Amino acid sequence: MIEKNVHSKESLKKSKIGRNDICPCGSGKKYKKCCLSFKTEKETKYTLGQTVSSEKCRNVLKYLNEVEKYEQYRFIDITDDLSLETYREYQTKNYYNNIVMIAEKTQNNVGVFVERDKDEFSGNDMILMYAGSYRIINSENIARYNLTGFI
């Protein structure tokens, strides 16, 4: 079952970009001189993720936000857009942005998991991506993973 999610009012306030802020694309330029003029849904998906998530993704997001309390990071769900073609683009665009991307394994993105998960029978069903690295996890057992060195 898919329901509305992911962005609380608080996290959307944090993600609001002012004209004179540094552009989130990583260019180092002011937003008004860089991406403001061509801000599109395609570009904002890299910093905001999707607005609807599965229950499994919502549970992982809730765990990371409320239990682990990684307050300095923004967690976004990219399940619907993740593919072998978009994996590198997400990693590159969010390398310096303190954004942790999560995705649930689906028919559309299974290739990303196959290339990265050494144990195909492990029951791993989620990927966490941050600053060019990734972790393949089992969402049912997220508490057993030590994410301190990863995030």
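Our subject is the structure that appears above.
Residues numbered from 1 in each chain as written. Predicted model: local features only at pLDDT ≥ 70, side-chain atom pairs only at ≥ 80, totals over all residues. Heavy atoms only, no water.

Engineer: I keep staring at the nonpolar core and nothing clicks. Help me out?
Structural biologist: Nonpolar side chains in soluble globular proteins tend to end up buried together. Counting 19 residues, the largest nonpolar core has Leu 64, Phe 75, Ile 102, Leu 147 and Ile 151 as the members making the most contacts within it. Secondary structure elements with two or more residues in this core: α3 (55-67), β4 (99-104) and β5 (126-130). Considering every element that reaches this core, the biggest residue donor is α3, with 5 residues. With near-sequence residues (within four places) excluded, Ile 151 lies in contact with Tyr 70, Tyr 73, Phe 75, Val 100 and Tyr 130. The next biggest cluster of nonpolar side chains, apart from the first, holds 14 residues, and it includes Ile 78, Tyr 90, Met 101 and Ile 136. (Core = buried A, V, L, I, M, F, W, Y, C linked by side-chain atoms within 4.5 Å. Buried < 20%, exposed > 50% of the residue type's maximum accessible area, 1.4 Å probe, protein only. Helix = DSSP H or I, 4+ residues; strand = E, 2+ residues; numbered from the N terminus. Contact = heavy atoms within 4.5 Å.)

Engineer: Looking at this structure, how should I read the packing of aromatic side chains?
Structural biologist: In this description, a pair of aromatic rings is defined by centroid distance and the angle of the planes. Evaluated as defined, the whole model comprises 5 aromatic pairs. Here the aromatic rings of Tyr 73 and Tyr 130 are separated by 5.3 Å at their centres, their planes lie at 90°, and the arrangement is edge-to-face. With Tyr 73 in the loop between α3 and β3 (74-77) and Tyr 130 in strand β5, this residue pair connects regions lying 57 residues apart in the sequence. Pairing Tyr 95 with Tyr 96 gives two aromatic rings, centres 4.8 Å apart and planes at 75°, and the pair type is edge-to-face. Site record: aromatic cluster; members linked through ring pairs are Tyr 70, Tyr 73, Phe 75 and Tyr 130. The ring of Tyr 46 carries the charged tip of Lys 93 above its face, separated from the ring centre by 5.1 Å. (Phe/Tyr/Trp six-rings, centres within 6.5 Å; stacked < 30°, edge-to-face > 60°. Lys NZ or Arg CZ within 6 Å of the ring centre and 35° of its normal.)

Engineer: Can you help me understand unusual backbone geometry in this one?
Structural biologist: Only a minority of non-glycine residues have a phi that is not negative, and only a minority of peptide bonds are not trans. The residue Asn 98 is not glycine, and still its phi comes out positive at about 55°. In this fold, Asn 98 is placed in the loop between α4 (87-93) and β4. For Asn 98, a relative accessible area of 32% corresponds to the partly exposed category. A positive phi angle, near 45°, is found at Ala 131, a position not held by glycine.

Engineer: I tried to follow a positive patch on the surface on my own but got confused; where do I start?
Structural biologist: The grouping of Arg 19, Lys 30, Lys 32 and Lys 33 at the surface amounts to a positive patch. The topology assignment puts Lys 30 in the loop between α1 (9-15) and α2 (41-48). (Patch = residues over 30% accessible without salt bridge, like charges linked within 9 Å, V, L, I, M, F, W, Y side chains within 5 Å. Areas by Shrake-Rupley, 256 points an atom, 1.4 Å probe, with all protein chains shown as cover. Salt bridge = Lys/Arg side-chain N within 4 Å of Asp/Glu carboxyl O. Lys, Arg positive; Asp, Glu negative; His and termini not counted. Charge placed at Lys NZ, Arg CZ, Asp CG, Glu CD.)

Engineer: When you look at the pairing of β3 in this model, what are you seeing that I'm missing?
Structural biologist: Regular strands have side chains that alternate between both faces of the sheet. Neither face of β3 is left uncovered, since the one carrying Arg 74 and Ile 76 and the one carrying Phe 75 and Asp 77 both have all their residues buried. Across 4 bridges, β3 lies against β4 in parallel orientation. Its bridge partner lying in β4, Arg 74 is registered against Ile 99. The β-α-β motif built from β3, the intervening α4 and the parallel element β4 has right-handed crossover chirality. (Pairing = 2+ DSSP bridges. Right-handed = clockwise from strand over helix to strand, strands pointing away.)

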